[in-house]
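Listed below, chain by chain, are the residues.
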Amino acid sequence: MMKKFNLRPITLILCIGLAGCHFDENKSSVEVVQQTQRNELWYSEHYGEIKQIVDERLVTWQVTGSSCYPILTLDPLPLFDAFSAKSAGLLTYKRPYDSGPVKYTEISSLDEVCKDGFISTSDKSDYTFDAQAIFELFWLDMKNHYAFFSERNIDWDAVYNQYAGQLSDANETKLLGVFREILELLNDGHIRLYFSLEEEPINFEAKPTLSKRLEREAVALNLSGELAEKYIEMQTNQLQMTIAQYLDQETKQDFIMRKQQSPNGPNWGVINTGGQHIGYLKLYHFQNFIDVAGIERQDISYANAAFNDLLDEIFTDLSRTNQLIIDIRDNEGGHDIQALELIKRFISQNTLVWDISTFYAGALHQLTSVYAEPDNDRPYYLKDIYLLTSNGTFSAGETFALAMSALPQVTLVGRATAGATSDTFPRMLPNGWIYELSNEYYENSLDLNVEVLGVPVDVEVDPFDITFRKENKDAAVEKVLSLLSYEP
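Parameters at a glance
Residues numbered from 1 in each chain as written. Predicted model: local features only at pLDDT ≥ 70, side-chain atom pairs only at ≥ 80, totals over all residues. Heavy atoms only, no water. 1 Å grid on protein atoms, 1.4 Å probe; cavity = no way out; pocket = protein on both sides within 12 Å on 5 of 7 lines; lining within 4 Å. Points joined across faces, edges and corners; volume = space filled by probe spheres on them. Helix = DSSP H or I, 4+ residues; strand = E, 2+ residues; numbered from the N terminus. Nonpolar A, V, L, I, M, F, W, Y, C, P; charged D, E, K, R; others polar. Buried < 20%, exposed > 50% of the residue type's maximum accessible area, 1.4 Å probe, protein only. Pairing = 2+ DSSP bridges. Contact = heavy atoms within 4.5 Å. Axes fitted to C-alpha atoms, helices over the stretch in contact; angles between N-to-C directions. UniProt positions renumbered as here; feature names shortened; annotations may be inferred. Polar contact = N/O pair within 3.5 Å; in protein donor to acceptor, adjacent residues only side chain to side chain. Phe/Tyr/Trp six-rings, centres within 6.5 Å; stacked < 30°, edge-to-face > 60°. Lys NZ or Arg CZ within 6 Å of the ring centre and 35° of its normal. Parallel < 35°, antiparallel > 145°, perpendicular 65-115°, else oblique. Left-handed = near helix turned anticlockwise from the far one by under 90°.

### Notes on empty space enclosed by the protein
If you roll a probe as big as a water molecule over the atoms, it shows you where there is empty space left.
Stage number 1. All told, the structure shown has 2 cavities of 30 Å³ or more when counted by the stated rule.
Stage number 2. Of the pockets and cavities examined, the largest cavity occupies roughly 110 Å³.
Stage number 3. Along its surface, the largest cavity is lined by 13 residues, and Leu 239, Gln 240, Lys 282, Asp 327 and Arg 329 are the ones closest to its centre.
Stage number 4. Elements that contribute at least two residues to the lining of the largest cavity include exactly helix H8 (225–242) and strand S11 (276–282).
Stage number 5. Classifying every residue of the lining of the largest cavity gives 7 nonpolar, 1 polar and 5 charged.
Stage number 6. Here the second largest cavity is characterised by a volume of approximately 40 Å³.

Next up, the structure:
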């Protein structure tokens, strides 16, 4: 049953986002004059937004078609300024949290772009809810920016024809139901609708993750409620701790200790079998050391520096190994820019990692080519690598897999990844609902794009085979050991 939702928290954030900074009455008049001298408008057609800077305040205008309205500003002005470069009416914002920049053109007035006028939002006194108008904004925005209708076999015009006639007098509950049906049809794990800060977003994933698989196993065992939850928890813990059974005594206890202290942090050890040493590295995400408090984006260079220090420790510990297993079977993603730091450890020369394009108005537009450059002063690993993947390898986890799949020393084992490689592009509706969509197209150095299908594997195996779990073994690790002709 759907819980009653409340738009007030999101509306409050909208008000805060648009309020920006205010003057301190105690500041001198000279400081105030300096602040009021700034007046800039920067427009990105491909990203459908205008950045307006007035009085040291940054306001973001969403552009859908030729209509505009103010939305949340997630990039604070100091961050925007620090990572922007201007030249002859052009501005390039090199987003510190993503690997692709956004390019803007200077405009003299909002009217240049917002030719159909300005839409009122729910924080304004003249706002009136109109389900049909909100649906049409969402539909048009998706048409302009969503990159994968073709890959997902979606007739977007047919979606409009199916739902538009139902909404002339609809309330928010009915509109939310329509959006739920549309998101289920799209079945893209990177499309999310946040209708309340008190509820989970509406989101559908095309491929079953480990948690979904365990839920189905619980149902098959006639377990429900607390018993089902306990089964899922126990199976998850078993999968994580089974790895420790493969590790040598020198690294096993440290592996267990790290798992207890930081359950979702990077973990590693050494498998010693037949006199050979195989490294094992587990990565649950690419958000290590990142403070995710609040909604504003941030410079994550401090986190990447800390991550690199940890990688120094990891690859020093694993330097005695002959091969390396990297386990990202349930990697939930994070920041591509952090995954890039890890990729640098596996190359000996400047290497193309991704070509990224952004989708707008029916076409792909080249955004950037991302290269990894090795740092020979840090520990690195150029031996054979076995990368374990599954349906649950998601987002930054699978763009990492996409890049790694092009390296000659890497073999992918398991199942294809989730098929959701694009960055999430946040947008907003006038009633305060926030949605994210997939607007970027990634290709690796072999010109491979894997949206929907996922990164293919070289060696197929059920990565969470229950028959192996019943014997306290790991199917994917066993497969790698068999490939190496080692006896566990």
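### Notes on unusual backbone geometry
Stage number 1. Positive phi is not limited to glycine here, since Asn 222 has a value of about 60°.
Stage number 2. By the secondary structure assignment, Asn 222 is in the loop between helix H7 (210–220) and H8.
Stage number 3. Using a relative accessible area of 70% as the deciding quantity, one classes Asn 222 as exposed.
Stage number 4. You will see that Asp 447, though not glycine, has its phi angle at about 65°, which is positive.
Stage number 5. Along the chain, the position of Asp 447 falls in the loop between strand S19 (440–443) and strand S20 (459–460).
Stage number 6. Owing to a relative accessible area of 54%, Asp 447 belongs among the exposed residues under this scheme.

### Quick word on the sheet that holds S11
Stage number 1. Here 6 strands make up an open sheet; going across it, the order is S10-S11-S12-S15-S16-S20 and the pairing mixed. Each of the sheet's edge strands pairs with one partner strand only, and the pair in question is strand S10 (267–273) and S20.
Stage number 2. Pairing between strand S12 (residues 323–327) and strand S15 (residues 384–389): 5 bridges, direction parallel. Looking at S15, one finds that Leu 324 is bridged to Ile 385.
Stage number 3. The sheet strands contacting helix H12 (residues 396–404) are S12, S15 and strand S16 (410–414), and the helix crosses S15 at an angle near 145°.

### Quick look at the UniProt feature "domain: Tail specific protease" (unreviewed entry) in the protein chain
Stage number 1. UniProt feature "domain: Tail specific protease" (unreviewed entry): in the numbering of this structure it lies at residues 282–462.
Stage number 2. Between the first and last C-alpha atoms of residues 282–462 the distance is 18 Å; the span itself is 19% helix and 29% strand.

### Looking at the side chain of Gln 409
Stage number 1. Note on placement: Gln 409 falls in the loop between H12 and S16.
Stage number 2. A relative accessible area of 15% places Gln 409 in the buried class.
Stage number 3. At a separation of 2.9 Å, a polar atom in the side chain of Gln 409 contacts the main-chain carbonyl oxygen of Phe 346.
Stage number 4. Each residue touching Gln 409, except ones within four places of it in the same chain, is listed here: Phe 346, Leu 382, Lys 383, Asp 384 and Ile 385.

### Section: the packing of aromatic side chains
The relative placement of two aromatic rings is captured by the distance of their centres and the angle of their planes.
Stage number 1. One pass over the structure, following the stated rule, counts 20 aromatic pairs.
Stage number 2. For the pair Phe 315 and Phe 346, a centre-to-centre distance of 5.7 Å together with 80° between the ring planes defines the contact as edge-to-face. Here Phe 315 is found in helix H10 (residues 301–317), whereas its partner Phe 346 is found in the loop between helix H11 (336–343) and strand S13 (351–360), with 31 residues between them in sequence.
Stage number 3. In this structure Phe 346 comes out as buried when scored by relative accessible area, which is 2%.
Stage number 4. Here the aromatic cluster, defined as three or more aromatic residues joined through ring pairs, consists of Phe 135, Phe 138, Trp 139, Tyr 146, Phe 148, Phe 149, Trp 156, Tyr 160, Phe 179, Trp 433, Tyr 435 and Tyr 441.
Stage number 5. Arg 258 extends its terminal NZ or CZ atom over the ring of Trp 268, reaching a point 3.6 Å from the ring centre.
Stage number 6. Here Lys 282 stacks its cationic end above the ring of Tyr 284, 4.9 Å away from the centre of that ring.

### Section: the sheet that holds strand S18 (residues 434–438)
Stage number 1. Overall, antiparallel pairing links the 4 strands, which are arranged S9-S8-S18-S17 in an open sheet. In this open sheet, the two strands that pair with only one neighbour each are strand S9 (202–203) and strand S17 (424–428).
Stage number 2. Where strand S8 (residues 192–194) and S18 come together, 3 bridges link them in antiparallel fashion. Paired with Leu 193 across the two strands is Tyr 435, which belongs to S18.
Stage number 3. Here helix H4 (residues 131–145) sits on the sheet in contact with S17 and S18, set at roughly 25° to S18.
Stage number 4. Contacts between helix H6 (residues 172–186) and the sheet are confined to S8 and S9, with S8 contributing the most and set at about 160° to the helix.

### Thoughts on the packing of H4 against H6
Stage number 1. At their nearest, the axes of H4 and H6 sit 11 Å apart, and the two run at 20° to each other. By the angle class used here, H4 and H6 are roughly parallel. The way H4 lies across H6 gives a crossing that is right-handed. On H6, the residues touching Ala 131, Ile 134, Phe 135, Phe 138 and Met 142 of H4 are Leu 175, Val 178, Phe 179, Ile 182, Leu 183 and Leu 186.
Stage number 2. Taken together, the residues that form the contact of H4 with H6 break down as 11 nonpolar, no polar and no charged.

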